[in-house]
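Analysis of the macromolecular model
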Amino acid sequence: MKFQGLNIFLRFAWLQTVLNFQFPLHPQTLTTIVASLEIIRRGIWNFFRLENEHLNNVGKYRAFKSVPLPFNYDEDDDKDD
């Protein structure tokens, strides 16, 4: 639930650029900060969306947790007698 509070805060930070609130910062500095925060917010959401999609695919047997190798590897075969 902490992430949803962060998401709301970051959305309001972006909204201030649309509504042109006045802050005691240089406009380019404020734009850079808000753009960086938006990139972080979208990255967090993309991580959760990707993880959720993967778990749904594994749960419905549309994907595998691990991919089997196309060859057999036995440690005993590597030893020279």
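Residues numbered from 1 in each chain as written. Predicted model: local features only at pLDDT ≥ 70, side-chain atom pairs only at ≥ 80, totals over all residues. Heavy atoms only, no water.

A few words now on the overall build of the protein chain. If you tally the helices and strands in the protein chain, you get three helices and zero strands. Mapped from its N terminus to its C terminus, the protein chain presents α and β elements in the order α-α-α. A buried classification covers 14% of the 81 residues belonging to the protein chain. Of the accessible surface of the protein chain, which amounts to about 7,800 Å², a share of 60% is contributed by carbon and sulfur atoms. (Helix = DSSP H or I, 4+ residues; strand = E, 2+ residues; numbered from the N terminus. Buried < 20%, exposed > 50% of the residue type's maximum accessible area, 1.4 Å probe, protein only. Areas by Shrake-Rupley, 256 points an atom, 1.4 Å probe, with all protein chains shown as cover.)

In this approach a probe as big as a water molecule rolls over the atoms, and the regions it shows empty are the leftover space. Approximately 150 Å³ is the volume attributed to the largest pocket. Listing elements by their share of the lining of the largest pocket, those giving two or more residues are α1 (2-19) and α2 (27-59). Considered class by class, the residues forming the lining of the largest pocket number five nonpolar, six polar and no charged. (1 Å grid on protein atoms, 1.4 Å probe; cavity = no way out; pocket = protein on both sides within 12 Å on 5 of 7 lines; lining within 4 Å. Points joined across faces, edges and corners; volume = space filled by probe spheres on them. Nonpolar A, V, L, I, M, F, W, Y, C, P; charged D, E, K, R; others polar.)

Within the secondary structure, E38 is located in helix α2. Residue class for E38 comes out buried when judged on its relative accessible area of 11%. For E38, the side chain forms a polar contact with the side chain of R41, separated by 2.8 Å. Apart from the residues within four sequence positions on either side, E38 is in contact with L10 and W14. (Polar contact = N/O pair within 3.5 Å; in protein donor to acceptor, adjacent residues only side chain to side chain. Contact = heavy atoms within 4.5 Å.)

In this section: α2. Since one α-helical turn is 3.6 residues long, residues separated by three or four positions face the same way. Helix length check: α2 (33 residues) gives 48 Å between terminal C-alpha atoms against 48 Å at 1.5 Å per residue, within 8%. Taken together, the buried positions of α2 are L30, V34, E38, R41, N57 and V58. (Expected span 1.5 Å × (residues − 1).)

None of the figures reported here should be taken as evidence of function without further support.
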